[in-house]
Amino acid sequence: MILLRSLRDTNKKVTLLNLFQTVVQTNKLHLNSVLPNKDDFVNINLQGNSLKYPSVWLRDNCQCEQCFHQSAKSRILNLCKFNVNVSIKSVVQDETSVQVTWDDDHVSRYALNWLKFRSFMPEDQLKYTKTLYRPVKTPWHGKDFHKVCAKHDYERILYSEAALYKWLQDLSTYGVALIQNTPNCDTALDGIVEKIGFTKRTHYGVKFIVENVANTSNVAYLSSNLQMHVDLPYYEYCPGVNMLHCLVQTLSEGGENLLSDGHHTASYMKNNYPDQYKLLTDIEVEWSDVGVEHGNEFFKLYRSSVICLDRHGYVKRINFSVPQRGSHFPGPIETVKPWYEAHSLFYELNQKFAAQFKTEAGDILVFDNIRLLHGRSAYEDKSDNVRKLIGAYVDWDEIYSRLRCLKAKLNPLEGI
Ligand code: OGA
Ligand code: ZN
Ligand code: ZN
């Protein structure tokens, strides 16, 4: 057995001190001590590498039955009694685990592979983010659509977990994946949805039918040209993924799908039109949908920009819909015209970068509704050929969750 103690690292101390000072300045926090002391970190030897763990984090993540509920897989320690400045009596490591005895004689034991999986090394954190947190998205131009839009088989998704995993992985990477050979019945989509979990219900129903309807509540339910858009941008919790099962495709000209990757367009704008990009990321407009569906009144409003960024500057959501953008403009009057110019440019670029194709009966077109813009050209119904799609939405939370469950099952990660 090796006895380890954490050591003070002078160089690191300077960096940490700067970091703490920034935190103190920006958040006006009062920290008791800004200098790390020898008990703030524990160094653990893992296959020849020394990995460093904050003591407070180790104490918080004690896996004993008093601190962690085994069947609920959840932390249960009492935060009122939690000491952020915890100090250590001893650290003992053997071949498979590390045992820490704290100043109050509480003993914590951690499996080495459990610790390795939770490494604080930036490269390990990045690996975890990419492999388990969320797959990395690959932006595409419409000319590469045939390469990125993988074709998946309905029955295989239902009966093979590997096929289900591959389909969801493609969907999260490229934002689009086609399912073929779907039975021609109104409930076929349910089988696929159940493989993930459940649908996102909206005021258009648990599922919705896309057909030409006179006096419609939504312009998508017309046979005229449907400009590229995302569905339901007026929801704060906007449906993540759209699934459109084609039961009857039009034999007329038209009825073609247009798909464009909003992430590709956003990055093109950022590089080539930074001012317009900034307007689309900064200025909020109001998305809206007002009416009655299935006898239920709705009055949905949501303010958001066209391109929504996360705190790292990555695109997290695209909002775009000509019919479902309201006429109230919440921003300053001087921003209106420049915003319209940027908005038109964004649309023009999406049209330029879009892929055009036509689904067939038996296809389910599945795409990321908060990333891709989709549209459809005008078509004409005949008495013996009435175009009909059945749609449903599923949230990304459910898809990422299913992906992780499948990953853990098909390709178990050590220390998970
Ligand atoms: C919609 C839609 C596409 C199509 O209903 O919102 O985009 O192919 N439909 O009809
Ligand atoms: Zn404990
Ligand atoms: Zn749509």
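Here's a quick rundown of the structure.

### As for the sheet that holds strand β21 (residues 372-376)
If you walk across this open sheet you meet the 4 strands as β12-β21-β14-β19, and the pairing is antiparallel. In the strand order of this sheet, the two ends are held by β12 (226-229) and β19 (355-357), each with one partner. For this sheet, the mean inter-axis angle between neighbouring strands, taken without regard to orientation, is 15°. Most of the contacts of helix α11 (residues 336-353) go to β12, to which it runs at about 100°, and overall it touches β12, β14 (257-261), β19 and β21.

### Describing the nonpolar core
For soluble globular proteins, nonpolar side chains are generally found buried alongside one another. Counting 79 residues, the largest nonpolar core has W167 and M243 as its most contacted members. The dominant element in this core, judged by the number of residues it contributes, is α11, at 7 residues. Residues V42, W57, C64 and V100 belong to the second largest nonpolar core, which totals 22 residues.

### A word on the site of ligand 1
The full set of residues close to ligand 1 is V210, A220, L226, H229, D231, L244, N257, H374, R376, R387 and L389. Separating an oxygen atom of ligand 1 from a side-chain N or O atom of D231 is a distance of 3.1 Å. Contact with the protein chains removes 96% of the 300 Å² of surface that ligand 1 exposes when unbound. Every element with two or more residues in the shell around ligand 1 is listed here: β12 and β21. Across the shell around ligand 1, the residue classes tally to 5 nonpolar, 3 polar and 3 charged.

Procedures and definitions
- Residues numbered from 1 in each chain as written.
- Chains lettered and ligands numbered in written order.
- Predicted model: local features only at pLDDT ≥ 70, side-chain atom pairs only at ≥ 80, totals over all residues.
- Heavy atoms only, no water.
- Pairing = 2+ DSSP bridges.
- Helix = DSSP H or I, 4+ residues; strand = E, 2+ residues; numbered from the N terminus.
- Axes fitted to C-alpha atoms, helices over the stretch in contact; angles between N-to-C directions.
- Contact = heavy atoms within 4.5 Å.
- Core = buried A, V, L, I, M, F, W, Y, C linked by side-chain atoms within 4.5 Å.
- Buried < 20%, exposed > 50% of the residue type's maximum accessible area, 1.4 Å probe, protein only.
- Near = heavy atom within 4 Å.
- Polar contact = N/O pair within 3.5 Å; in protein donor to acceptor, adjacent residues only side chain to side chain.
- Areas by Shrake-Rupley, 256 points an atom, 1.4 Å probe, with all protein chains shown as cover.
- Nonpolar A, V, L, I, M, F, W, Y, C, P; charged D, E, K, R; others polar.

Treat this as a map of the structure, not an account of what it does.
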